[in-house]
Amino acid sequence: QVQLVESGGGLVQAGGSLRLSCAASGRTFSNYVMGWLRQAPGKEREFVAGISRSGGRTRVVDSVNGRFTISRSNAQNTVFLQMNSLKSEDTAVYYCAAGGGSSLFSYDYWGQGTQVTVSS
């Protein structure tokens, strides 16, 4: 079992930045692919970004490409999501996730989520 705790969400004006963090515990962090997904009100949860076990491979959804960056520190058991040039459509609950396979799009464990609200 992997426990995931997100932090760093909040209210920000359009064009601003936030950095989300997710601290993992319970299993060897470097054994897991990590990702961020989000769910806006009335919408399905969607993939935002994923990162491989070593951090050498990343993927982001087209709508955030060039604005969001995912990274990880295996020494700190933490994954980050740097969000720049935020838009109102980025408003959502952001979830950290961990996957035991090799796919950056498939996850087994989830955090409780952190709210990101972007005001226009």
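Just above sits the structure.
Thresholds applied
- Residues numbered from 1 in each chain as written.
- Predicted model: local features only at pLDDT ≥ 70, side-chain atom pairs only at ≥ 80, totals over all residues.
- Heavy atoms only, no water.
- Phe/Tyr/Trp six-rings, centres within 6.5 Å; stacked < 30°, edge-to-face > 60°.
- Helix = DSSP H or I, 4+ residues; strand = E, 2+ residues; numbered from the N terminus.
- Buried < 20%, exposed > 50% of the residue type's maximum accessible area, 1.4 Å probe, protein only.
- Core = buried A, V, L, I, M, F, W, Y, C linked by side-chain atoms within 4.5 Å.
- Contact = heavy atoms within 4.5 Å.
- Pairing = 2+ DSSP bridges.
- Axes fitted to C-alpha atoms, helices over the stretch in contact; angles between N-to-C directions.
- Salt bridge = Lys/Arg side-chain N within 4 Å of Asp/Glu carboxyl O.

### Brief notes about the packing of aromatic side chains
Going through the model one piece at a time under the given rule, you end up with three aromatic pairs. Taking 4.6 Å as the distance between ring centres and 55° as the angle between the ring planes, the aromatic pair formed by phenylalanine 47 and phenylalanine 105 counts as tilted. Separated by 58 residues along the polypeptide, phenylalanine 47 in strand β5 (residues 46-51) and phenylalanine 105 in the loop between β9 (92-99) and β10 (109-110) bring together distant segments of the chain. With a relative accessible area of 55%, phenylalanine 105 lands in the exposed category. With a centroid separation of 6.4 Å and 70° between ring planes, the pair formed by tyrosine 107 and tryptophan 110 is classed as edge-to-face. For tryptophan 110, a relative accessible area of 36% gives the class partly exposed.

### Regarding the nonpolar core
Core analysis: the largest hydrophobic core is formed by 29 residues, its most contacted members being Leu4, Met34, Trp36, Val79, Leu81, Met83 and Tyr94. In contact with leucine 4, not counting residues within four places along its chain, are Cys22, Ala23, Ala24, Met34, Cys96, Ala97, Ala98, Tyr109, Trp110, Gly111 and Gln112.

### Comments concerning the sheet that holds strand β7 (residues 68-73)
Hydrogen bonds between backbone atoms are what pair the strands of a sheet, whose relative direction is either parallel or antiparallel. Strand order in this open sheet of four strands is β1-β3-β8-β7, and the pairing throughout is antiparallel. Each end of this open sheet is capped by a strand with a single partner; those strands are β1 (3-7) and β7. Averaged over neighbouring strand pairs, the angle between their axes works out to 15° when direction is ignored. Pairing analysis gives six bridges linking β7 to strand β8 (residues 78-83), with the strands arranged antiparallel. The residue bridging phenylalanine 68 from the neighbouring strand is methionine 83, located in β8.

### Observations concerning the pattern of salt bridges
A full pass over the atoms with the stated rule returns three salt bridges. Between glutamate 46 and arginine 38 there is a salt bridge, with its nearest N and O atoms 2.6 Å apart. Overall, the relative accessible area of 6% leaves arginine 38 in the buried class. Residue arginine 67 is joined to aspartate 90 by a salt bridge in which the shortest nitrogen-to-oxygen separation is 2.7 Å. With a gap of 23 residues between them, arginine 67 in the loop between β6 (58-60) and β7 and aspartate 90 in the loop between β8 and β9 connect regions that are remote in the sequence. Both residues of the pair, arginine 67 and aspartate 90, belong to the buried class. The network of salt bridges with common partners includes Arg38, Glu46, Arg67 and Asp90.

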